Structure formats: structure tokens, C-alpha cells
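Residues per chain are reported as follows:
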Amino acid sequence: AAAAAAPPPGVVGPVHPIFERLKTGACRADDNNKGNYAESWAKSFSACHDICLYEAACTGFEHTKAGILLKQSRCKVLYGPILTTLPVAGASCYKKAA
């Protein structure tokens, strides 16, 4: 069995082994990040993780914590290939295994 990826700092709980944490930062896809994702706010890391885990079309997710309040947290569920990351403070990018 694959080892679980480490969650970002401040997150309690494991990350499912199907996910690989990429370099710290925001996920970037082959479509220049133009609409190949669903974005929602006020989602915890765990909620964002689980949306992608149980959605077959999801290729990965990005969670950004911009402040101390949950409503400032952003979840992006991606549906295309994730090619790289862009350095963004507070962002974590996880790629789902094919």
C-alpha cells in the first residue's frame, strides 16, 4: 500500500494515498487554468480533499487558506491534467493518481 501524503501545516488528519502532494503552491493545468475546475469558498482542507476523492472526473485539488477564518479558504477541484504549480502563499496542490 502507498504511504499517505503529508497534509499541509495546520491540517489534522491523513491524506488519501491516491493523492500526491506537488510542490507548495497553486495547481496549474494545461489549459492555462481557464475554467477547467470548480471553485468554492469556505471549504476545509478535508472537505476539499473528499470532494475530489469521491468525484471520478477529478484529477486533483488545490486548497488555499488565505486567513484564519474558514470563509477565507478556497477549494479548487481540477478536471484536467495538472502540469505544474505556481508559488502562492497558503496554497497546496494535490494530484490524483490515474
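Below is a summary of the structure that appears in this document. (Residues numbered from 1 in each chain as written. Predicted model: local features only at pLDDT ≥ 70, side-chain atom pairs only at ≥ 80, totals over all residues. Heavy atoms only, no water.)

**Things to note about the state of the cysteines**
A complete count under the given rule lists three disulfides for this structure. Across a sulfur-sulfur distance of 2.1 Å, Cys48 and Cys75 are joined as a disulfide pair. The S-S bond linking Cys48 to Cys75 shows a torsion near 85 degrees; that makes this disulfide right-handed. Of this pair, Cys48 sits in helix H1 (residues 45-54) while Cys75 sits in strand E5 (residues 73-78), placing them 27 residues apart in sequence. Here Cys48 matches Cys75 in class, with each residue buried. Between Cys52 and Cys58 runs a disulfide, and the two sulfur atoms are separated by 1.8 Å. Because the sign of the S-S torsion sets the handedness, a value of about -90 degrees for the bond joining Cys52 and Cys58 places this disulfide among the left-handed ones. Taken individually, Cys52 and Cys58 each receive the classification buried, so the pair is uniform in this respect. Cysteines bonded in the protein chain are numbered consecutively along the chain; their disulfide partners then correspond to 1-6, 2-5, 3-4. (Disulfide = S-S within 2.5 Å. Helix = DSSP H or I, 4+ residues; strand = E, 2+ residues; numbered from the N terminus. Buried < 20%, exposed > 50% of the residue type's maximum accessible area, 1.4 Å probe, protein only.)

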